[in-house]
2 protein chains.
Amino acid sequence: MTLETVSENRSFGGIQGVYRHKSQATGTDMTFAVYLPPDTQAGKVPVLWYLSGLTCTHENAMTKAGAQQFAAEAGIALVFPDTSPRGEGVADDDAYDLGQGAGFYVNATQNPWSPHFRMWDYIVEELPALVCDNFPVDAQAQGITGHSMGGHGALTIAMTHPDRYRSVSAFAPIANPTESDWGRKQLGAYLGEDRAAWQAHDSTLLMAERGYPGEVLIDQGASDQFLDLLKPETLAQAMMARRQPGWFRMQPGYDHSYFFVNSFIGDHVFWHAERLA
Amino acid sequence: MTLETVSENRSFGGIQGVYRHKSQATGTDMTFAVYLPPDTQAGKVPVLWYLSGLTCTHENAMTKAGAQQFAAEAGIALVFPDTSPRGEGVADDDAYDLGQGAGFYVNATQNPWSPHFRMWDYIVEELPALVCDNFPVDAQAQGITGHSMGGHGALTIAMTHPDRYRSVSAFAPIANPTESDWGRKQLGAYLGEDRAAWQAHDSTLLMAERGYPGEVLIDQGASDQFLDLLKPETLAQAMMARRQPGWFRMQPGYDHSYFFVNSFIGDHVFWHAERLA
C-alpha cells in the first residue's frame, strides 16, 4: 500500500501529517490526516478517530478543532478522514448535503452512488488497517468521535463494532436520521427507499436496539441552529430508557460551529484517553 | 423564633449542627441540620439545600453523603431538612412510602394529611427564612439538590421558584411521579384524585412546560434498583426536547444507595458553588 505524504508539521511536540492513498473501498484517491503525539517516540499509542460533518474534508477539524494540544498531553493519536470520495468521475449533487462532502458513513447500494460511496467500509475496514500498518498506533486501543454527520458516523459505527471501538463520543450528532431531513434524503439516495436498510444507520434506533457496552459521551449546543434536524431528544430518551451508561450534556449558548467543538474537544480527548489507557 | 440546638460537631474545620424548632407550616416540632464551612468566619456564604428521600430524616444525608468535606473546600453551607412532619397526632400510614418520612414536598389538601403535611411551604418559605435569620448564609445565593423523592422536590421547587434557587441538581430523582407508583399513590393521597393538582409536582411535566433558566445537573445510577419507578428517560427526553442547558449522566454500576450519592456529591457541591459564587 503506497502512502504519499502531503505534509508534516510539528505540533505540540508531535507531528501533524496529511497523507494520500489509493483507496480500494472507494476506488479513488483519499486524503486523511494523522496527529502523532510526542509519546509515540516511546512506542505505540491509542488512537482516536474524528469523523467530520457535512461539507468537511480531513482538514476542517485538523485546523479548527484544537485537538492536538490535548492529544499531546493525553498521549493519544488522532485520525481525521475525509467525508466522501471526491474527484472527476465521482457522482455528485448540487446540494451541499448529498454526494461529495456528504458520504454519511454508509456503503451506497444505489446508482449513481454505489461505485464510489463506500465510506462505511473505508472508515471501518480499510483506513484502520492502513493507519495501524503505517503509524505507531495500537489497533487494540481505538476510540471514535465526530461532529454532526460525523457524530452520526461515530455512534453508528461504535454500536455496530463495539469490539473494535473501545470508546465513543459525539458532538451534536445527527441522532435520528430516519426521522430527519438530514437523513431521509441521504439514506434514500444511497440505500434506496426500503427503510429496513436505514435502521443500521440511525443512532437512536441502534441505541434502543443494542446500545454500547461502555460509557457514551454526547455534547450538544443548546443554541445549535440545526437542533430540529439533529433531534438530540430522541437519542437522550433512548439512552436513558435503556440505562445506557454515559453523559448527555446540553451546553448552553453553543451553536453548531467549530467554536462549539473547540470548547469541548479537550473533555472528549481525555474521555477517550482514559478509556483507551 | 426559638431555635433549639440539638448538637454541634466540628467537621472539616466548620460546624455540623442539628437544630429543632416549632414549625408554623407543619404545626409540629421539626429537626434540621446545617453545615457551616470555615469560610463563615469571614462573612455570609452561599447555601445548598439537600432534600432527602423516602424514609429519611435530616440525619441520613448528614452522616452518609460525605458532603461536608466538599462544602468546606467550596465555602458553602449545607442544610438537611427532614422529609415530613412527625410525632404523635401526626397522620401516618403503615407503608414506608406514605405519611411520616414521605412528605413528597407538597402541601397536602386531603384528610388526614392536610393538618400537618405542608412540606412545600416548610421547605420553600419557612425554613429558608429561619436559616437565613439565624446562620451566616446569603439568601441571594441559594441552590437546591436532593436524592430520589428529594431530587423530585429539588427539581420541582427550583423550576417553580427559579428566582430563589440559582442552581439545581438531583441524584436519581423521582422524575415523572404522575406516571409512577412512586407518585400516583402519594399525590392522590395528599392532593386528591384531580390530576390537575399533580402537574405542579412532576419534574418531567414542569421541564416540558417551563424548564429552568440555568443549567441542570442530573446523576442517575444505571444499576438503580428503582429505575422503573424513577423514569429518568422521560425527564431526559423533556430536557433535551426543550434544549434545557444541563447534564444528564447515567452512571454505570451505581445503585440507589448513599454509596451512589457519596460518589458524586463532590461534583454536585462544586457545581452549585460555581453557580452561587
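The structure this text deals with has already been given above.
Keep in mind that what you see is a predicted model, and the values were worked out from it rather than measured.

Peer 1: Let's hear about the environment of I76 of chain A: which residues, and what values?
Peer 2: All names here are of chain A. Relative to the elements of secondary structure, I76 occurs in the loop between α2 (68–74) and β5 (77–80). For I76 and F270, which are 194 residues apart along the polypeptide, the C-alpha to C-alpha distance reads 9.2 Å. Excluding anything up to four places from it in sequence, I76 contacts Y35, P37, V45, P46, L48, A71, V269 and A273.

Peer 1: Mind laying out the interface of chain B and chain A, listing which residues take part and the relevant values?
Peer 2: Between chain B and chain A, the contact holds 20 residues from the first and 20 residues from the second. Buried area between chain B and chain A, summed over both chains or domains, comes out near 1,800 Å², and the portion from carbon and sulfur atoms is 64%. When the buried surface of chain B facing chain A is broken down by residue, M240, R243 and M250 of chain B rank first, second and third, together holding 36% of it. Across the contact surface, chain B and chain A share 4 salt bridges.

Peer 1: Please give an account of the packing of aromatic side chains that cites residues and values.
Peer 2: Under the definition given, this model contains 27 aromatic pairs over all chains. Centre to centre, the rings of W247 of chain B and W271 of chain B are 5.7 Å apart; their planes meet at 70 degrees, and the pair counts as edge-to-face. Of this pair, W247 of chain B sits in strand β9 (residues 246–251) while W271 of chain B is found in helix α9 (residues 258–276), placing the two residues 24 residues apart along the sequence. Of the two residues, W247 of chain B and W271 of chain B, neither departs from the other in class, the shared state being buried. Ring-pair connections join several aromatic residues into one group, and the members of that group are F171, Y254, F260 and F264 of chain A. A cation over an aromatic ring shows up here: R249 of chain B above the ring of W247 of chain A, its NZ or CZ 4.5 Å from the ring centre.

Peer 1: Provide a residue-level description of the pattern of salt bridges, including the pertinent values.
Peer 2: Tallied over the entire structure, the rule returns 28 salt bridges over all chains. Between E125 of chain B and R164 of chain B there is a salt bridge, with its nearest N and O atoms 3.2 Å apart. Placement of the pair is E125 of chain B in helix α3 (residues 119–134) and R164 of chain B in the loop between α4 (149–160) and β7 (167–171), with a sequence separation of 39 residues. Its relative accessible area of 41% is what places E125 of chain B among the partly exposed residues. With a relative accessible area of 25%, R164 of chain B lands in the partly exposed category. Through salt bridges that share partners, D219, R249 and D267 of chain A make up one connected network.

Thresholds, definitions, all that
- Residues numbered from 1 in each chain as written.
- Chains lettered and ligands numbered in written order.
- Predicted model: local features only at pLDDT ≥ 70, side-chain atom pairs only at ≥ 80, totals over all residues.
- Heavy atoms only, no water.
- Helix = DSSP H or I, 4+ residues; strand = E, 2+ residues; numbered from the N terminus.
- Contact = heavy atoms within 4.5 Å.
- Buried area = accessible area lost by both parts, 1.4 Å probe.
- Salt bridge = Lys/Arg side-chain N within 4 Å of Asp/Glu carboxyl O.
- Phe/Tyr/Trp six-rings, centres within 6.5 Å; stacked < 30°, edge-to-face > 60°.
- Buried < 20%, exposed > 50% of the residue type's maximum accessible area, 1.4 Å probe, protein only.
- Lys NZ or Arg CZ within 6 Å of the ring centre and 35° of its normal.

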